[in-house]
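Here is what each chain is made of, one letter per residue.
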Amino acid sequence: MKKILIADDEPNIVISLEYLMKREGFEVLIARDGEEALALIEHEAPDLVLLDAMMPKKTGFDVLQAVRQKRSALKIIMLTAKGRDTDMEKGRALGADDYMVKPFSTRELVERVRRLLDQTESPSAS
Amino acid sequence: MNLPIGLVVAISFAYLALLFGIAWYGDRRARQGRSIISSPWVYALSIAVYCTAWTYFGSVGRASVEGVWFLPIYLGPMLAMILAWVVVRKMIRIAKTYRITSVADFIASRYGKNPVIAGLVTLITVVGIVPYIALQLKAISAGFGLLTGPSDPTLTEASVTWWQDSTLYMALALAGFIILFGTRHLDMTERHEGMVAAIAFESIIKLVAFLAVGLFVTYGMFNGLGDLFGRALNDPAIAQLMRFDHGATPHLYSQWFALILLAMLSVLFLPRQFQVMVVENVDERHLKRAAWVFPLYLFLINLFVLPIAIAGLIHFGPGQANPDLFVLSLPLAEGARWLALFVFIGGLSAATGMVIVESIAVSTMICNDLVMPALLKTRRFRHRRGGDLTRLLKSIRRLAIVGLLLLGYLYFFLAGDAYALVSIGLISFAAVAQFAPAALAGMYWKGATSAGVLTGLAIGFGLWVWTLMLPSIAKSGWIATGFLDHGPFGLALLKPEQFLGLSGLDPLTHSLFWSLAGNLIAFVVVSFYTRPGAREASQALLFVDVFDRSGGSEPVFWQGQARVDDLVKLSERFLGPDAARRLFAEHAADLGASSIAALEADARLVQRVETRLAGAIGSASARVMVASAVDEEPLEIDDVMRILEEASQLRAYSQALEDKSRSLEQATEKLKRANEQLKSLDRLKDDFMSSVTHELRTPLTSIRALTEMMRDDPDMPTEQRQEFLGIMVAESERLSRLVGQVLDLARIEAGHAEWHNSDVDMQAVVTQAVGSISSRFEDKGAVLEVRAGSHFKPIRADADRLIQVLLNLLSNALKVIPANCGRVVVDVVEDDDGVTVEVADNGPGISLEEQAEVFDKFRQVGDRDQHREGTGLGLPISRQIIEHFGGRMWVESEPGHGATFGFYLPRKQKDDSRAETQRLGERQ
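A brief report on the enclosed structure follows. (Residues numbered from 1 in each chain as written. Chains lettered and ligands numbered in written order. Predicted model: local features only at pLDDT ≥ 70, side-chain atom pairs only at ≥ 80, totals over all residues.)

Here we look at the overall build of chain A
Line of reasoning, step 1. Looking only at helices and strands, chain A has 5 helices and 5 strands in total.
Line of reasoning, step 2. In chain A, the succession of helices and strands from N to C terminus is β-α-β-α-β-α-β-α-β-α.
Line of reasoning, step 3. The buried share of chain A, taken over its 126 residues, is 40%.
Line of reasoning, step 4. Summarising the internal contacts of chain A: among those between residues at least 6 apart in sequence, 59% fall at separations of at least 24. (Helix = DSSP H or I, 4+ residues; strand = E, 2+ residues; numbered from the N terminus. Buried ≥ 20, exposed ≤ 12 C-beta atoms within 10 Å, placed from the backbone. Contact = placed C-beta atoms within 7 Å.)

Here we look at the interface of chain B and chain A
Line of reasoning, step 1. Taken together, the contact pairs 17 residues of chain B with 19 residues of chain A.
Line of reasoning, step 2. If you list the elements that add at least two residues to the side of chain B that touches chain A, you get helix 30 (637-712) and helix 31 (718-750) of chain B.
Line of reasoning, step 3. Among the elements that line the side of chain B that touches chain A, the one with the most residues is helix 30 of chain B, at 13 residues.

With respect to the nonpolar core
Residues and elements named next belong to chain B.
Line of reasoning, step 1. Counting 209 residues, the largest nonpolar core has Ile107 and Ile308 as its most contacted members.
Line of reasoning, step 2. For this core, the leading source of residues is helix 17 (residues 337-377), giving 22 residues.
Line of reasoning, step 3. Here this core spans two domains, and each of domain 1 (5-378) and domain 2 (556-630) adds at least three residues to it.
Line of reasoning, step 4. Beyond its immediate chain neighbours, meaning those up to four positions away, Ile308 contacts Val60, Val213, Gly214, Val217, Phe326, Val327 and Leu330.
Line of reasoning, step 5. Leu745, Ala782, Val816 and Leu873 belong to the second-largest nonpolar core, a separate cluster that totals 40 residues. (Core = buried A, V, L, I, M, F, W, Y, C linked by C-beta atoms within 7 Å. Domains from an automatic or database assignment.)

Digging into the sheet that holds strand 1 (residues 3-7) of chain A
Residue and element names in this part refer to chain A.
Line of reasoning, step 1. Taking strand neighbours across the sheet as the criterion, the 5 strands line up as 2-1-3-4-5 in an open arrangement whose pairing is parallel. Either end of the sheet is taken by a strand with one partner, and the two such strands are strand 2 (27-31) and strand 5 (98-101). Shown here is a sheet whose adjacent strand axes are inclined to one another by a mean of 20°, direction ignored.
Line of reasoning, step 2. Note that strand 1 and strand 2 share 5 bridges and pair parallel. Bridge pairing in strand 2 places Ile4 opposite Val28. (Pairing = 2+ DSSP bridges. Axes fitted to C-alpha atoms, helices over the stretch in contact; angles between N-to-C directions.)

What about helix 7 (residues 115-148) of chain B?
Residues and elements named next belong to chain B.
Line of reasoning, step 1. The terminal C-alpha atoms of helix 7 lie 48 Å apart, and with 34 residues this matches the ideal 50 Å at 1.5 Å per residue to within 8%.
Line of reasoning, step 2. Of all the bends in helix 7, the largest measures some 30° and sits at Ile129, one to four residues before the proline Pro131.
Line of reasoning, step 3. Counting buried positions over the 34 residues of helix 7 gives 28, a clear majority of the element. (Expected span 1.5 Å × (residues − 1). Bend = angle between axes of the 7 residues up to and from the residue.)

Considerations on the pairing of strand 6 (residues 823-830) of chain B
Residues and elements named next belong to chain B.
Line of reasoning, step 1. Relative to strand 6, strand 4 (residues 783-788) is paired through 6 bridges, and the arrangement is parallel. The residue of strand 6 that forms the bridge with Arg787 is Asp827.
Line of reasoning, step 2. For strand 6 and strand 7 (residues 834-841), the ladder comprises 7 bridges, and the chain directions are antiparallel. Directly across from Val824, in strand 7, lies its bridge partner Asp841.
Line of reasoning, step 3. Hairpin connection, strand 6 to strand 7: the antiparallel pair is bridged by 3 residues.

Digging into unusual backbone geometry
Line of reasoning, step 1. Cis peptide bonds are those with omega within 30 degrees of zero, and the linkage from Lys102 of chain A to Pro103 of chain A qualifies with -5°.
Line of reasoning, step 2. Positive phi is not limited to glycine here, since Asn820 of chain B has a value of about 75°.
Line of reasoning, step 3. Structurally, Asn820 of chain B is set in the loop between helix 33 (799-816) and strand 6.

Some remarks on the environment of Arg62 of chain B
Residue and element names in this part refer to chain B.
Line of reasoning, step 1. On the secondary structure map, Arg62 appears in helix 3 (residues 53-66).
Line of reasoning, step 2. Looking at Arg62, the number of C-beta atoms within 10 Å reads 25, which means it is buried.
Line of reasoning, step 3. Along the primary structure Arg62 and Val305 are separated by 243 residues, whereas in three dimensions their C-alpha atoms are 9.4 Å apart.

A short note on the pairing of strand 8 (residues 888-893) of chain B
Residues and elements named next belong to chain B.
Line of reasoning, step 1. In this sheet, strand 9 (residues 899-906) lies alongside strand 8 in antiparallel orientation, the contact comprising 6 bridges. Bridge pairing in strand 9 links Trp890 to Gly902.
Line of reasoning, step 2. Here strand 8 folds back onto strand 9, and the loop between the two strands holds 5 residues, one of which, Gly896, carries a positive phi near 95°.

The following block contains the structure:
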């Protein structure tokens, strides 16, 4: 079972995403700020992170940067409530695999999560 | 014999060669454009050429006879520099603008470029200055004699005939040296940078030498000043030197005043002072430094005068040695022969410095103001076209230098023995003092006329000759002294030293009084009764208003027709072909013309040529030459007025243009600032919009996600569904609250909010707010306590808005206090000016960094669980409300010990506009 880390400081968003991902059959980890997220990535080795951009202690961009510095191939989808192009560019530049603007469609989110996880599987399958 | 003649001569010549080397280097650097004299220090030191052999030897001589009476000669220049530097600055500006090269030229130029005035001033200068040059020769000769002769310190060997007299050869050697030094250039306004450098160097040498002998005498021969003065006081003859009222002079103050005045005027009008201070000035600003350095120099060089004089008297005994030479004889008597030689070199510096500058200055005056006008009178000379005359001019100047030194020698030979050094100098001072009324009034009084100047100078000079010069010659034994005692033809009233029966003054004060008084009265009275000519009136305007004009708006007082060709030829004759070409090329460049051929011979060009010629041959001669070369129309007073009018209109135009462009600049600057402000407001707005977007999208995200999941998942358990629906409702409420607050804040900030002001009782406001929220406190098991007095004076405000603020503070407090043991206290305190309300909680407190941000929009601090109901806009809105009523809001907190939010409302509000600007200021 694939492990998905949800990193967001908004309790209600966490509740929704947790339900959604569990319904899709994933194992779910939850972090409520940037530091917690980094600790869980380190110790629990999730397959994919749904990473909120604006979090206390460490922002999503900080987390992204820290992860990519270790050349980790961990799949990361940035979630942001700020629809600014610059934010999206920043996320891309820092190495996010995908980027979604809140509020997003749940179906599309699930689709993108699956696509990313399939990519990691297919090379080992072939 | 003290020192071998050959050695002294060799060292003296070596020193002169060194000076020449310095001058040569200075000139070379000037040609390369890297001036070594463009320093205020060099300028101040060059002014110290004022201290001649007279100072160097004569001050001690005078001090040993008359005590402190040597001082006024130096107090005068100190006062002049400190008090009258503004006058000097104006002289410098005038001389630079009109290429004036001498004091004669200065006065003549002011009074319509009048050649008669120039000639008269030159004549007075020559007559007055010859004794002064003689004085320098006498000093060097006496010093030389003492240094090389037997130890018997008599002044000169009277037995020698003139061709055996070393002084003559010394004078000739100096003349040769000065010719090498000073007449290599022609145009005097091309300054003598090398000469100035050498003079400044000499000033240092003479000061160091004098201080050296002073220290040697005071601390080497005696045990310091205390010892010296102590011994002096024991000798009544010497002790009286230190008293101001010693001697037989009854008119003490008048004599002090006369000497100081005399010295003040001479430091301005002695030809050499005018030369170094005005003509050779590189930068007007240097004057400010000189205004204190030069007085300081004078102070230092006078420091040891009295000690040396007293030491000489004690050492040799009164009347046993020539006191003028104490500086040399004292070290010689002690066997310090090398020091004596150094002191002699210092004296040589003082003497040669004076002779060099003086003879260069006076030879220019003789050439430009006596010889040239005479040459110009001859038709042949004036109408001869072409031919470079610069060599002729140089030759005239060289001859004038030789002539001056020979005259000086003659005076020395004939009259030198009769007078002490200082007395000779004072005769010269009194002569140049005659220039003061014409020159000073000329700079500040437009009504002064040439007729007045001529009359005044003639009378002043006549009285000087009669009351001072002739008596001095008579006392030397060259003419009978009978007229001194009985008056001419037995007319006692005309006795030179008791003129018109005025007695009781010393001869100098007496002469100064009569000559200056006669000069001044005649000058003023005649000026009042004569009208100046057009040329004179125009020059008066240019001189008096020199600081009012600048650059292109200067009026040009000339009319007529001219040909460029004629002007070029004229310039070539007197400036040489190279300088002439440069002059026209400069003019062409200033006008933007392509070549000299394209120039138009207008008034401005004629003016420029004339000014340049004035630098070479003096303004009076230049005027005559220009007039002969071009076709001029005579200038009338009406023309002067018309030209002046045009110039002032031009000036007004350019002034107006300048004002316009300045105000445009200011407007641009204002616009730029406004634009910056707008940009920063725009950035703030963007940030605000971005924050609002974020705050709106966050609850929408939960609502959308939960809705979609319920749609996609019809089999969701009912409990799950109920929980999600609850969240959706809460998030919807949060959304509506947010929208409401954003709108509220926007209205307040834009000034569109409605305020329902009434006389508010703060106690009632607090009671109402507490009442509406107390149930929520009870739910959380918290205590809400109110501490307020009764009978508050009413405050003019909007009660609903104040309740909104209080509710915001209370609900914030409610969020942070712990469950079941929470405690919030509301304090209301009144003073004379207003009311303070504080809400204190026992929550976790706020860190210092967070306190700084707590009033920022969308800045929520503390635990995120407490945010669910908050929008991050409550505190910003509250603060806006409080500030609207002229109050202020703050937070105090120590982390771990709760936080206190407070606000203060003044009873008397500041007027609205000020509150408005304050708020704008904060938003930027």
